[in-house]
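In case you want the letters, here they are:
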Amino acid sequence: MRVNRKQHSGAVEPRTLLVNFLRDDLGLTGTHVGCDTGHCGACTIIMNGKAVKSCMILAVQARDAEILTVEGLAEDGEKLHPIQEAFMQSHGLQCGFCTPGILMSSLFLLQRNPHPTEEEIRRGIEGNLCRCTGYVGIVRSVRAAAEALSKGKATTKKEREVEY
Amino acid sequence: MEGQAYMGIVRTPFAHARIRGIDLSKARASPDFIAALTGEDLVKQGVTTVPQNQWPPQKPAKRYHLAVGKVRFTGEPVAAILVRRKNSLEDLVELVEVDYDPLPVVTTIEESKKGKTLIYEDWSDNLSQRNDVKWGSAEKVIASAPYVIRAKEGIARQGSTPMEPHSTLVQYKKKEDVYEVYATVQSVHGLRGQLASQLHLPEERFHVKVMDMGGGFGSKGAQSYPEPLLACLFSRMTGLPVKWTATRTEEFLEAASGRDEYCGITLACDMGGKIVAVKAEVECDVGVTGTQNHMSQLSLWSMLGPYRIPNVDLRLAVYATNKMPLGPVRGAGAPEGCYFIERAMNIMAQKMGIDPLELRKRNLSAERRPGDTDRKPSGEEDHVRLINDLISQPRYEELLKWRKDVNSRFKRRGPSHSNIVAGLGVSIGGRSGFGGDEDEEEHPESDESPGGGDSREGSSQEKAEQWQQDGSQSEKGGESKGEKENDEASSWGESENEGSGVELDFESEYGRVTLDRNGKVTVYTGSSPHGQGIETTFAQLASEELKVPLDRVSVVWGDSVLVPAGVGTFGSRSAVTGGSAVVDASRKLRAQLFARVSELTGTKAEALSISDGRLVNTSRPSAELPTIAEILERLGLAEMSAESTYKVSSMSYSSGVHLCALTLDAELGTVKILRYVVVEDCGTMINKKIVEGQLHGGVVHAVGGALFEKLAYDEQGNLLTGTLVDYGIPTALDSPDVEVFHEVTPSTGTLNGTKGVGESGTIVGYAAVMNALNDALSLVRPGARVDVAPATPDSILAAINQPH
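This is a predicted model, so every value here is computed, not measured.

Visitor: I'm lost on the overall build of chain A in this one. Help?
Guide: On a plain count of helices and strands, chain A comes out with 5 helices and 5 strands. For chain A, the N- to C-terminal ordering of α and β elements is β-β-α-β-β-β-α-α-α-α. Relative to the globule expectation of 15 Å for 164 residues, the C-alpha radius of gyration of chain A, 15 Å, shows essentially globular dimensions. Taking the principal axes of its C-alpha atoms as reference, chain A extends roughly 45 × 35 × 25 Å. Per-residue burial for chain A yields a buried fraction of 52% across its 164 residues.

Written as structure tokens, this is what we have:
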């Protein structure tokens, strides 16, 4: 599979979950595990263009897939993605545990809907639980990210979305 | 860690049973099996029983970290195994066969009271503790008062539910004879103390490290859990690094949950709207009892809110059941107490037909409480100002009008027919409404308030002071030594930080600040951040004190070697105590630096200042002074540092007024919170965004507690809510936007003017939501009430359809 624009391969036990393959085999521990039932959303990644919960997928199901994890958001692993920047500026995280999943869900949301309303933002991250922020900072961050992304597009015409 | 082994816990599926035998043979036969431990092994190795706080007075409960002879709650650890591969962990746990002989199960306070089945055989009944707070003559006053209301209120058992489950990784280093312990705890040094005392080893043998941690909310506080201890034993046995991570279900079965308190309250008011008496019987289901069994005692104190009540009769009974031990959950008893009184205040206001905020205003204590000194924080008494602030907000008017509009359409016939009712709710308060200074002679409520406030029983005053004082101690995490006396507050610090020579207690925290030749400042703190923004705010404090740019300040925490002593992060204490210690150490460091500069350059120390990281002579700004690097070089020092264990003159907590606006669908029983407004005073704000973030999260925690969250057990003691979806913490769609307005009355009890704000959103929030809901309910059917949280659609519909 391609993960964060790099080709990876490995042999796994058939029952290995994708999230465990990413974390344990590839060392991409930015993707978190907060539950075992697909409810918390901390393990959300982008797989073949869609936000998915990587604890609900077997690693073998992701064979040949195009995957983006939180580690792949920053350009060259350095310059923060505008969504990450917005979360930093608008206090979109406290303990940070849910953040990787929320970032990926936000990316997926903003790609489909660049100008979401508050209700649409809340719906877009409904599958990600956060216990610290009450979602207030998160909603503000997503809104700020939407503005930054659309401004970025208008002024520099630069495609800031991450390619898969 | 390279070569790590994985630990799994075998947990009982029975809530109450005798253990006839444990058969490890099938597990042992697996090539992945490495080692196992049972309760008998712990006894043989002399490991102590689960520590239990000595305050408040309670029956000792003898229970091991791996059950010995008997299991007492579903999910209680029975055995631990160590395996080679993560993937085989669950398989091997299943191969351990335990022969149980089930016993009758006690899962409710009612059953516990009957005492037919005893949780601990050496107890005569299931009553764990009992305590009263009493002054005046409540009974008599209630009998003759013109307005009396009664209510049965409660908050179900609820979890802290941080997003990251508990985890630990231990490497025993044979050569150094040191346990390197990575753990998810809110107190690094608290865990060090617990492990040392349970394994009878000196504290220096444990190097405890906490890395970025995904929330705590009390569940990672002082409760003593088995896993770090078991991982230490396994690592010593095998020499391997031992890793354990809880599944979410294990988290729900074992991580300390809170609340589970119920209160029959009677409130009496005179014709003028002055509360003349409160009487309450509080019952708490403490489960099998745990390390910290004082939450309901703190509720009792919080119940008096910021009010002056001349006649008080509060009785608490705490019962053991076959449920996991109760422990602190954000607010630790204060949300319950605040909810009990604030719900009752609204019921009273409704009965009297007066504005609920007006009723509160009439009963707030004076600007300064008797017994207050200048050292005291001034925040607790500022509710009048906060209430006035709220009323003056345009939002307040707007919401009153909105409520009227929505409700005018309710049940109207015709095209504008609606099932939707609007409700508004208010509540006020904060953590521990009155002073808890241990050296305060007089109880603030014992002043000459009208109606016989001075007739309070002496014995309960003593008890009261004992609670206040010891309560602070018991919050500190990890103490397990039984022989503590009231006057040994400082010896606690010694025992917790033995070897470091540093004395700390609940009102102090360790801080050290260093300045190196590159002008880089490093802050070392005993606080243990996990989402509170402490790295940011403590860096800000040092940066402001030392006048060095923020990006040159770094903060070190979460390491029992790099930071020799500490108390930790819980109980709204870090900015107050840890922050004060950072300010104190920074000031000491600055004084030390200026003294040396003065010696070297002849410039008077008083004339020295720092600007943007450079030394300045304020009386002659043009004068050239050496750089900090040159000074340190001349002194032959790599760095200069100062330490502090600053003790705040009183713990300071923020106060708040909350307003909740919601709609109720009277046919479905569902609730939607539309607006939520907080007006609060947490004193000086080091960082406004972070303060507001704490309030946002705190409020939504209360929203979950008021409307959704419940750890439900069936009559056999099975946990029915073992996943996040069954338990129901609020999603983004369930949560309101939270508007926050501030008053800033700096605390005089802390060095930085702050008052603890971490829990205040949760403490005050329950009542605001429940009062709003009941406001809406009263329109659907007069007299319909839901007084037990969470107010689920079922209980709301039951209230609508049945007479109260």
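Visitor: I keep staring at the nonpolar core and nothing clicks. Help me out?
Guide: Nonpolar side chains in soluble globular proteins tend to end up buried together. Residue and element names in this part refer to chain B. Core analysis: the largest hydrophobic core is formed by 268 residues, its most contacted members being Ile 81, Val 523, Ala 542, Val 769 and Leu 773. Here the element with the most residues in this core is helix α21 (residues 760-780); it accounts for 12 residues. Dropping the residues within four chain positions of it, Val 769 is found in contact with Gly 425, Cys 660, Ile 673, Ala 702, Val 703, Ala 706 and Leu 707.

Visitor: Sorry if this is basic, but what is going on with the environment of Leu773(B) here?
Guide: All names here are of chain B. Tracing the sequence through the fold places Leu 773 in helix α21. C-alpha separation for the pair Leu 773 and Val 78, spaced 695 residues apart in sequence, amounts to 43 Å. Sequence-distant contacts of Leu 773, that is, excluding residues within four places in its chain, are made with Gly 423, Gly 425, Leu 662, Leu 664, Val 671, Val 786 and Ala 791.

Visitor: How do you make sense of the interface of chain B and chain A when you look at a structure like this?
Guide: One widely used convention gives an interface's size as the accessible area the parts lose upon coming together. In this complex, chain B contributes 34 residues to the contact, which on the side of chain A involves 29 residues. Sorting elements by how many residues they give to the side of chain B that touches chain A places helix α19 (residues 688-707) of chain B first, with 7 residues. By residue class, the composition of the side of chain B that touches chain A is 14 nonpolar, 15 polar and 5 charged.

Visitor: Teacher, can you tell me more about the sheet that holds strand β1 (residues 5-11) of chain B here?
Guide: Strand pairing in a sheet relies on backbone hydrogen bonds, with the paired strands running either antiparallel or parallel. Residue and element names in this part refer to chain B. Spatial strand order, β3-β5-β1-β12-β9-β10-β11: 7 strands in an open sheet with mixed pairing. Each end of this open sheet is capped by a strand with a single partner; those strands are β3 (33-38) and β11 (206-209). On average, adjacent strands in this sheet sit at an angle of 20 degrees to one another, irrespective of strand direction. Relative to strand β12 (residues 242-245), β1 is paired through 2 bridges, and the arrangement is parallel. Looking at the pairing, Ala 5 lines up with Val 242 of β12. Against the sheet, helix α6 (residues 188-199) touches β10 (178-183) and β11, its axis set at about 145 degrees to β11.

Visitor: It is not clear to me how the sheet that holds strand β5 (residues 66-68) of chain A should be interpreted in this structure. Could you clarify?
Guide: Residue and element names in this part refer to chain A. One open sheet accounts for 5 strands, arranged β2-β1-β5-β3-β4; its pairing is mixed. Of all strands in the sheet, those with a lone pairing partner are β2 (6-7) and β4 (50-53), marking the two edges. In this structure, strand β3 (residues 44-47) lies alongside β5, joined through 2 bridges in antiparallel fashion. Within the sheet, the bridge partner assigned to Ile 46 lies in β5 and is Leu 68. Helix-sheet contacts for helix α3 (residues 99-112) involve β3 and β4, and the interaxial angle to β3 is about 40 degrees.

Visitor: What am I meant to see in the confidence of the model for chain B here?
Guide: Low pLDDT marks stretches whose predicted atomic positions should not be read closely. On average, chain B scores 89 in pLDDT, and the residues at 70 or more come to 88%. Note on residues 433-498 of chain B: pLDDT under 50 across the span, and 145 contacts to partners over four residues away in sequence or across chains.

Visitor: Sorry, what's going on with the domain arrangement of chain A here?
Guide: Residue and element names in this part refer to chain A. Here the domain parsing of chain A yields domain 1 (2-72) and domain 2 (82-156). Its C-alpha centre places domain 1 at a distance of 21 Å from the equivalent point of domain 2. Facing 15 residues of domain 1, the contacting portion of domain 2 comprises 12 residues. Sorting elements by how many residues they give to the side of domain 1 that touches domain 2 places β3 first, with 3 residues.

Visitor: I tried to follow the pairing of β11(B) on my own but got confused; where do I start?
Guide: Put simply, side chains in a regular strand alternate between the two faces of the sheet. All names here are of chain B. Residues Phe 206 and Val 208 of β11 are buried on one face, while the alternating residues His 207 and Lys 209, pointing to the opposite face, are not. Of the pairings in the sheet, the one linking β10 to β11 comprises 4 bridges and is parallel in character. Residue Glu 180 lies in a different strand from β11, and its bridge partner there is His 207.

Visitor: Please explain the pairing of strand β2 (residues 17-23) of chain B as it appears in this structure.
Guide: Residues and elements named next belong to chain B. When β2 meets strand β4 (residues 70-71), the two strands line up antiparallel, connected through 2 bridges. Paired with Ala 17 across the two strands is Val 71, which belongs to β4. Sheet analysis places β2 next to strand β6 (residues 97-102), joined by 6 bridges and oriented antiparallel. Of the residues in β6, the one forming a bridge with Ile 19 is Tyr 100.

Visitor: I keep staring at the packing of helix α10 (residues 334-352) of chain B against helix α11 (residues 356-363) of chain B and nothing clicks. Help me out?
Guide: Between two packed helices, what matters for the description is the angle formed by their axes and the separation of those axes. Residue and element names in this part refer to chain B. Contact pair α10 / α11: the axes reach a minimum separation of 9 Å and the direction vectors enclose 110 degrees. What the angle tells us is that α10 and α11 run roughly perpendicular. Taken as a pair, α10 and α11 cross one another with a handedness that is right-handed. From α10, Met 345, Asn 346, Met 348, Ala 349 and Met 352 reach across to α11, where they touch Pro 356, Leu 359 and Arg 360. For the contact of α10 with α11, the residue count by class is 6 nonpolar, 1 polar and 1 charged.

Visitor: Is there a simple way to explain helix α16 (residues 534-546) of chain B in this structure?
Guide: For an α-helix the count is 3.6 residues per turn, leaving residues at separations of three or four pointing the same way. All names here are of chain B. For α16, which comprises 13 residues, the first-to-last C-alpha distance of 18 Å matches the rise-based estimate of 18 Å (1.5 Å per residue) to within 8%. All of the buried residues along α16 are Ile 534, Thr 537, Phe 538, Ala 539, Leu 541, Ala 542, Glu 545 and Leu 546. Buried residues in α16 make contact with β17 (511-516), β18 (521-525), β19 (553-556), α17 (574-601), β20 (608-611) and α19. After α16 finishes, the residue Lys 547 shows a positive phi value of roughly 55 degrees.

Visitor: Explanation requested: the domain arrangement of chain B in the structure shown.
Guide: Residues and elements named next belong to chain B. Domains assigned within chain B are domain 1 (5-103 + 164-214 + 222-254), domain 2 (354-434 + 652-801) and domain 3 (508-644). A straight line from the C-alpha centre of domain 1 to that of domain 2 covers 39 Å. Counting residues at the interface gives 9 residues for domain 1 and 10 residues for domain 2. Class assignment for the residues of the side of domain 1 that touches domain 2 results in 4 nonpolar, 4 polar and 1 charged.

What counts, and where the lines are drawn
Residues numbered from 1 in each chain as written. Chains lettered and ligands numbered in written order. Predicted model: local features only at pLDDT ≥ 70, side-chain atom pairs only at ≥ 80, totals over all residues. Helix = DSSP H or I, 4+ residues; strand = E, 2+ residues; numbered from the N terminus. Rg over C-alpha atoms; globule rule 2.2 N^0.38 Å. Buried ≥ 20, exposed ≤ 12 C-beta atoms within 10 Å, placed from the backbone. Core = buried A, V, L, I, M, F, W, Y, C linked by C-beta atoms within 7 Å. Contact = placed C-beta atoms within 7 Å. Nonpolar A, V, L, I, M, F, W, Y, C, P; charged D, E, K, R; others polar. Pairing = 2+ DSSP bridges. Axes fitted to C-alpha atoms, helices over the stretch in contact; angles between N-to-C directions. pLDDT = per-residue confidence, 0-100. Domains from an automatic or database assignment. Parallel < 35°, antiparallel > 145°, perpendicular 65-115°, else oblique. Left-handed = near helix turned anticlockwise from the far one by under 90°. Expected span 1.5 Å × (residues − 1).

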